[in-house]
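Observations on the three-dimensional arrangement
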Amino acid sequence: MPAPSSTVPMPEVRIMKAIVQSEYGSSDVLSLAEVDQPLVPDHGVLVRVRAASVDAGVWHLMRGTPFLIRLMYGGLRKPKHTILGSAIAGRVEAVGQAVTQFQPGDEVFGDLSESGFGGFAEYACAPEEALALKPNNLSFEEAATMPVSGLAALQALQDVGQLRSGQKVLVLGASGGVGSFAVQIAKALGAEVTGVASTPKVEMVAKLGADHVIDYTQTDVTLAGKQYDLILDAAAFRPFSDYLPILTATGTYVAVGGSTGDFLRVMVLGSLASKADGKQVKSLESKPNQADLVTLKELAEAGKLIPFIDQTFSLEDVPAAIRLLEDRRVKGKVAIRV
Ligand SMILES: NC(=O)c1ccc[n+]([C@@H]2O[C@H](COP(=O)([O-])OP(=O)(O)OC[C@H]3O[C@@H](n4cnc5c(N)ncnc54)[C@H](OP(=O)(O)O)[C@@H]3O)[C@@H](O)[C@H]2O)c1
């Protein structure tokens, strides 16, 4: 007798295009493939991705370097997460039963870096806390540049740096993804901002609204005779101790990124170098945070935060976009149109 057919309906699996990687390496390990669309869990939101963006974390994960990143995200020998992409913007396609904040059709942006990545694809799934409604005055491409880099800039200035209006802020790496947001957010919070960049990017940092711009190929900022209440270092390629003389007596140095060695030095030695009632040396560990996404949305809608997009690539050109970023040829952000 033939076996009775099952009466339990199987969820329909649909196919989508995505950029995938099965091993660590240069952008050559990335390829466009057809894969299963993610299914929507009870607490998940399925987003039809309209745009994504590239940041330094993407190429660290692609290469699996520094090795620490393999311990942090899993995948000692080969990547645990085969579709990269943290920062996205798109339209809600479907929601799980337990989702209360979003409904199909909502335009959202968000950070998938704590929920399995997957942004370089036509569809991505995220917990609702990783998303917020998209700023209504920004395109999908503009909104997709904000989640990772904008959140890092906001958290470094506001939470770690405790920035107050009227303070003097120095942004190292001001032309980069984090730096270009940091300059604008610091201005919006009432600071006097000095941005530091290489010669071809000086003009762009001035356009972001920095009060002063220093070309580090011409001037050593540590010898320029000025002091700062807060130093945000998104290009920590020098020991933090170089910057202590240009911090005010109660100033704070915040390491965001740069060379692994210099960043780790801050994590290990920063608290020893900090004085209870004086200079502070800290580092940022940014996290997706819905309230911070809403702050970025409000700053954008108030006209105080305008993503600086250097170039926009299509989904199949994600490898080229990552190469551009690795070669330090990007001003601000690179967007991916999906
Ligand atoms: N701690 C965290 O939670 C966190 C979060 C986000 C990002 N990050 C890290 O923050 C760093 C910046 O990220 P991003 O996305 O802004 O990267 P990015 O867009 O590539 O920008 C990096 C900036 O650093 C400058 N730079 C690069 N090499 C330099 C060098 N040798 N000396 C001086 N300046 C140099 C570049 O400007 P010029 O070309 O003008 O030199 C560029 O503006 C990365 O290391 C990233 O991994 C950390």
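Calculation notes
- Residues numbered from 1 in each chain as written.
- Predicted model: local features only at pLDDT ≥ 70, side-chain atom pairs only at ≥ 80, totals over all residues.
- Heavy atoms only, no water.
- Domains from an automatic or database assignment.
- Contact = heavy atoms within 4.5 Å.
- Buried area = accessible area lost by both parts, 1.4 Å probe.
- Salt bridge = Lys/Arg side-chain N within 4 Å of Asp/Glu carboxyl O.
- Polar contact = N/O pair within 3.5 Å; in protein donor to acceptor, adjacent residues only side chain to side chain.
- Nonpolar A, V, L, I, M, F, W, Y, C, P; charged D, E, K, R; others polar.
- Near = heavy atom within 4 Å.
- Helix = DSSP H or I, 4+ residues; strand = E, 2+ residues; numbered from the N terminus.
- Pairing = 2+ DSSP bridges.
- Axes fitted to C-alpha atoms, helices over the stretch in contact; angles between N-to-C directions.
- Core = buried A, V, L, I, M, F, W, Y, C linked by side-chain atoms within 4.5 Å.
- Buried < 20%, exposed > 50% of the residue type's maximum accessible area, 1.4 Å probe, protein only.

This next bit is on the domain arrangement of the protein. Its domain assignment divides the protein into domain 1 (15–146 + 307–337) and domain 2 (148–283). Just the C-alpha atoms count here: the centres of domain 1 and domain 2 sit 27 Å apart. With 15 residues of domain 1 at the contact, the number on the domain 2 side is 16 residues. With both chains or domains summed, domain 1 and domain 2 bury close to 1200 Å², and 60% of this area falls on carbon and sulfur atoms. For domain 1, the biggest contributors to the area lost against domain 2 are Met146, Phe308 and Lys331; these three give 36% of the whole. Applying the counting rule to domain 1 against domain 2 returns zero salt bridges. Put simply, domain 1 and domain 2 have ten residue pairs in polar contact (both at pLDDT 80 or more) between them. Each residue belonging to the side of domain 1 that touches domain 2 can be placed in one class, and the counts come to seven nonpolar, three polar and five charged.

The subject of this paragraph is the site of the ligand. Taken together, 24 residues are adjacent to the ligand, and Ser175, Ser198, Lys201, Tyr216 and Leu284 come closest. Between the ligand and Lys201, the relevant distance is 2.7 Å, taken from an oxygen atom to a side-chain nitrogen or oxygen of the residue. Contact between the ligand and Leu284: a nitrogen atom at 2.7 Å from a main-chain N or O atom of the residue. Mapped by element, the contributors of at least two residues to the shell around the ligand are α1 (56–63) and α5 (177–188). In terms of residue class, the shell around the ligand is made up of twelve nonpolar, nine polar and three charged.

Turning next to the sheet that holds strand β13 (residues 280–283). Within the open sheet, the six strands sit side by side as β10-β9-β8-β11-β12-β13. Their pairing is parallel. Either end of the sheet is taken by a strand with one partner, and the two such strands are β10 (212–215) and β13. Ignoring strand direction, the axes of neighbouring strands in this sheet form an average angle of 15°. Where strand β12 (residues 247–255) lies against β13, four bridges are found, and the strand directions are parallel. From the neighbouring strand, Ala255 faces β13, where its bridge partner is Ser283.

So, on to the nonpolar core. Ranked by size, the top nonpolar core spans 43 residues in total, and within it Met146, Leu157, Val169, Val171, Val183 and Ile185 carry the most contacts. Only α3 (140–144), α4 (147–160), β8 (168–172), α5, β9 (192–197), α6 (202–207), β11 (228–233) and α8 (290–301) provide two or more residues apiece to this core. Ranked by residue count, the leading element in this core is α4, at seven residues. Every residue in contact with Ile185, bar those within four places of it in the chain, is listed here: Gly150, Ala153, Leu154, Leu157, Leu296, Leu299 and Leu305. Judged by nonpolar contacts, the second largest core, of 35 residues, contains Ile19, Val54, Val330 and Val334.

What follows is about α1. What α1 keeps buried is the set Val58, His60, Leu61 and Met62. Its side-chain oxygen at 2.9 Å from the backbone nitrogen of Gly57, Asp55 defines the N-terminal cap of α1. Immediately downstream of α1, the backbone of Gly64 shows phi near 70°, a positive value.

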